[in-house]
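# Analysis of the macromolecular model
One letter stands for each residue in the lines below.
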Amino acid sequence: MTTDMGMPPILSPEAADKAVLLAAPRGYCAGVDRAVITVEKALDLYGAPVYVRKQIVHNKHVVSDLESRGAIFVEELDEVPTGATVVFSAHGVSPEVHRQAEERSLKTIDATCPLVTKVHHEAKRFAGEDYDILLIGHAGHEEVEGTAGEAPDHIQLVQSPADVPGIVVRDPKRVAWLSQTTLSVDETLETVAAIRARFPELLDPPSDDICYATQNRQLAVKEIASESDLVIVVGSGNSSNSVRLVEVALEAGAKAAHRVDDASEIDESWLDGVSTVSVTSGASVPEALVQGVLALLAERGYPDAQAVHSAEESLIFALPKELRRDLKAAGRA
Ligand code: SF4
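Since this is a predicted model, take the numbers as computed values, not measurements.

## Quick notes on unusual backbone geometry
The linkage connecting A24 with the following residue, P25, adopts the cis geometry, with an omega of 5°. Mapped onto the secondary structure, P25 falls in the loop between β2 (19-24) and α1 (30-46). Here the amide bond leading from A48 into P49 is cis, since omega sits at 0°, within 30 degrees of zero. Looking at where P49 falls in the secondary structure, it is placed in the loop between α1 and β3 (50-53). Phi angles above zero are rare outside glycine, and K54 is one such case at about 65°.

## Here's the deal with the UniProt feature "binding site: dimethylallyl diphosphate" (unreviewed entry) in the chain
Feature annotation in UniProt assigns "binding site: dimethylallyl diphosphate" (unreviewed entry) to the following positions: H58, H91, H141, S239, S240, N241 and S284. Tracing the backbone through its elements, the reader meets S239 in the loop between β10 (230-234) and α8 (240-251). Leave out the neighbours within four places in its chain, and S239 touches H58 and S284. Mapped onto the elements of the fold, S284 is located in the loop between β12 (276-281) and α9 (287-299). Leave out the neighbours within four places in its chain, and S284 touches Y28, V32, V57, H58, N59, V62 and S239. There is a polar contact of 3.1 Å between the side chain of S284 and the backbone oxygen of H58.

## Brief notes about the site of the ligand
Neighbouring residues of the ligand: C29, G31, V32, C113, L115, V116, T181, T182, C211, Y212 and A283. Listed by contribution, the elements that provide at least two residues to the shell around the ligand are α1 and α4 (114-128). Both domain 2 (30-113 + 317-330) and domain 3 (115-198) contribute no fewer than three residues apiece to the shell around the ligand.

## Some words on the pairing of strand β9 (residues 175-179)
Counting buried residues in β9 gives five out of five residues, a clear majority hidden from the surface. In β9, alternate side chains face the same way, and those of V175, W177 and S179 on one face and A176 and L178 on the other are all buried. Pairing of strand β7 (residues 132-136) with β9, which is carried by five bridges, proceeds in the parallel orientation. Across the sheet, D132 pairs through a bridge with V175, a residue of β9.

## A closer look at the side chain of Q180
Looking at where Q180 falls in the secondary structure, it is placed in the loop between β9 and α6 (185-198). In terms of polar contacts, Q180 uses its side chain to reach the side chain of T182, at 3.2 Å.

## Brief notes about the UniProt feature "binding site: isopentenyl diphosphate" (unreviewed entry) in the chain
The UniProt feature table records "binding site: isopentenyl diphosphate" (unreviewed entry) at H58, H91, H141, S239, S240, N241 and S284. Position of H141 relative to the elements: it lies in the loop between β7 and α5 (142-148). Apart from residues no more than four positions distant in its own chain, H141 is found in contact with H58, H91, Q180 and S240. For S284, a relative accessible area of 3% puts it in the buried group.

## Here we look at α4
The end-to-end C-alpha distance of α4 is 21 Å, a good match for the 21 Å that 15 residues give at a rise of 1.5 Å each. Of the residues making up α4, those classed as buried are V116, V119, H120, E122, A123, F126 and A127. Each buried residue of α4 lies within a common arc of 160° when the element is viewed along its axis, so the set occupies one face. Structurally, α4 contributes buried residues whose contacts are with β7, α5, β8 (155-158) and β9. Looking at the residues trailing α4, positive phi occurs at D130, about 65°.

Cut-offs used in this document
Residues numbered from 1 in each chain as written. Predicted model: local features only at pLDDT ≥ 70, side-chain atom pairs only at ≥ 80, totals over all residues. Heavy atoms only, no water. Helix = DSSP H or I, 4+ residues; strand = E, 2+ residues; numbered from the N terminus. UniProt positions renumbered as here; feature names shortened; annotations may be inferred. Contact = heavy atoms within 4.5 Å. Polar contact = N/O pair within 3.5 Å; in protein donor to acceptor, adjacent residues only side chain to side chain. Near = heavy atom within 4 Å. Domains from an automatic or database assignment. Buried < 20%, exposed > 50% of the residue type's maximum accessible area, 1.4 Å probe, protein only. Pairing = 2+ DSSP bridges. Expected span 1.5 Å × (residues − 1). Arc of directions from axis to C-beta.

Printed below as a string of structure tokens:
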């Protein structure tokens, strides 16, 4: 379904004035891949049901596929029977959730993305040094709840530059910031600049909190947005990084950009008068869903997609240690 940029395809007459650009990288990141494999292997090893607290990753197709194989998704641990196995999602949990699991004798497998865990460590360190921590992120997002739960007395949420005038800290000289991993890079820089204008001695995190996958997918869509009459972002509505891709595409010059869960959500009228369609997907999206979109575009007379590479990715995370231990004990490592 894709064509390398260096090899122009032979086009049918109706496709000659049309093009499909396919952003790369797109789709699954290392943290999502690890989390999904964790649930799959847990089902194989322990048998169904395996409980999962919250959506393992923010994609409704991934969740319904795992449900069909025996995973049971719950909102909170009181829905999990005592002693059962529960997987914590890629977005991370607060220490209070670990405490509840222990209290209820649950067997836990923590699929928190290591890059989210890194932000938790930063929160604990800044709190240990008694900084007021400004966590840039979206209210109600599971990752933000988990990170804030590491140091609730030290962390306050900042959602945008508009929140900055209202920030109250104990000592303006001891303020640090952290962020959710899946934000818009440009918007976050704006928020940090507004915070720094108020607190010039603001302490930065030791490394980027917005993860490599979020940054690469935003970079990739920026590269093709200005040439695009329409950008289609495949991803679920509760996927922060997918929603950000729509915003980034529009800011980078796309004439229109829409998010869809899959090809069936494409409104045919979006294609009216459109020559160049670009396609990308969020970090929690299986590639099959992107291929479904490309197939629909092909049916509507668009040529094979031309992949536009802006970064290479090779990161892989080891499975959670609890699962590795049990797989090894069962001779299935
Ligand atoms: S989007 Fe980033 S932080 Fe989230 S699971 Fe993927 S790699 Fe980890």
